[in-house]
Amino acid sequence: MSQHFQGKYEVELKFRLNESCSKQQLLEHLNAMEHECMFADNQEDDCYFDTPDGQLAAADKSLCIREMQPSNNLLWILKGPGADCCEAVNISDAARARSMLSAMGYVPVQRLQKCRSIYFIGKWHMTLDSLAGLGDFAELAIMTDDSDKLEQLRSELWQLAARFGLTQAMLESRSYRQLCNS
């Protein structure tokens, strides 16, 4: 897993793209600056788990097994509690991980599919996501183990967002899961 995805905390701003700031416009801004592409147009399949009585959701946590193609990356992801807590680990066998979760009493509660491109801009990463029925989104983020730096990093992230024309009015605070269920 890239150094960009290491840390216990994730500072993230997610924006719903629109006509005033489209995916194409973001890519034009991105191509005018120094960046690195991790991958473009990867298909991601997220399978979310919880206990039958929803204990993880009640604790503001989500547990996910993510399969990515064609990159062939597999992740076990835990988010929460709260918006900034996020940990992920590479796994080698998604079917076995799902089986282990089932053996521990967890059940699949939602499946989410998206097309994702990931770019690195210095210490930051940007994901451009397309979800059927929801539209296009841009996420700007950084991971850290230092909880004392969260607000400073959030402020710096807003400065980066402004360089791309991403505004407070475009900010989307709901997760993709919440958007799918609304």
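For the structure itself, consult the block above.
Reading guide: rules and limits
- Residues numbered from 1 in each chain as written.
- Predicted model: local features only at pLDDT ≥ 70, side-chain atom pairs only at ≥ 80, totals over all residues.
- Heavy atoms only, no water.
- Core = buried A, V, L, I, M, F, W, Y, C linked by side-chain atoms within 4.5 Å.
- Buried < 20%, exposed > 50% of the residue type's maximum accessible area, 1.4 Å probe, protein only.
- Helix = DSSP H or I, 4+ residues; strand = E, 2+ residues; numbered from the N terminus.
- Contact = heavy atoms within 4.5 Å.
- Salt bridge = Lys/Arg side-chain N within 4 Å of Asp/Glu carboxyl O.
- Pairing = 2+ DSSP bridges.
- Axes fitted to C-alpha atoms, helices over the stretch in contact; angles between N-to-C directions.

1. Some details on the nonpolar core
Counting 26 residues, the largest nonpolar core has L26, L140, F164 and L166 as its most contacted members. Those elements that place two or more of their residues in this core are β1 (9-16), α1 (23-31), β6 (107-121), β7 (124-131), β8 (135-144) and α4 (150-163). A total of five residues in this core trace back to one element, the largest contributor, which is α4. Those residues within four positions of F164 in sequence are excluded, and the remaining contacts are C21, L26, H29, L30, M33, I121 and M126. Within the second largest apolar cluster, 17 residues are counted, among which are F39, C86, I118 and F137.

2. Points about the pattern of salt bridges
For the structure shown, the criterion picks out 15 salt bridges. E156 is the partner of K123 in a salt bridge, and the nearest nitrogen-oxygen pair spans 2.9 Å. Here K123, found in the loop between β6 and β7, pairs with E156, found in helix α4; they are 33 residues apart in sequence, far enough to count as distant. Under the relative-accessibility criterion, K123 is labelled partly exposed at 45%. A single network of salt bridges, built from pairs that share partners, joins E44, D46, R66, K114, R116, D129 and E139.

3. A few points about the sheet that holds β8
Spatial strand order, β1-β8-β7-β6-β2-β3-β4-β5: eight strands in an open sheet with antiparallel pairing. Bordering the open sheet on either side are β1 and β5 (86-90), each of which pairs with just one other strand. In this sheet, neighbouring strand axes are inclined to one another by 30° on average, regardless of whether the strands run parallel or antiparallel. Both β1 and β8 contribute to a ladder of eight bridges, which runs antiparallel. Looking at the pairing, F15 lines up with A138 of β8. Its contacts with the sheet put helix α3 (residues 94-103) on β2 (36-50), β3 (62-69), β4 (74-79) and β6, and the angle it makes with β3 is roughly 165°.

Note that every value here comes from positions in space, so none of it alone points to a role or purpose.
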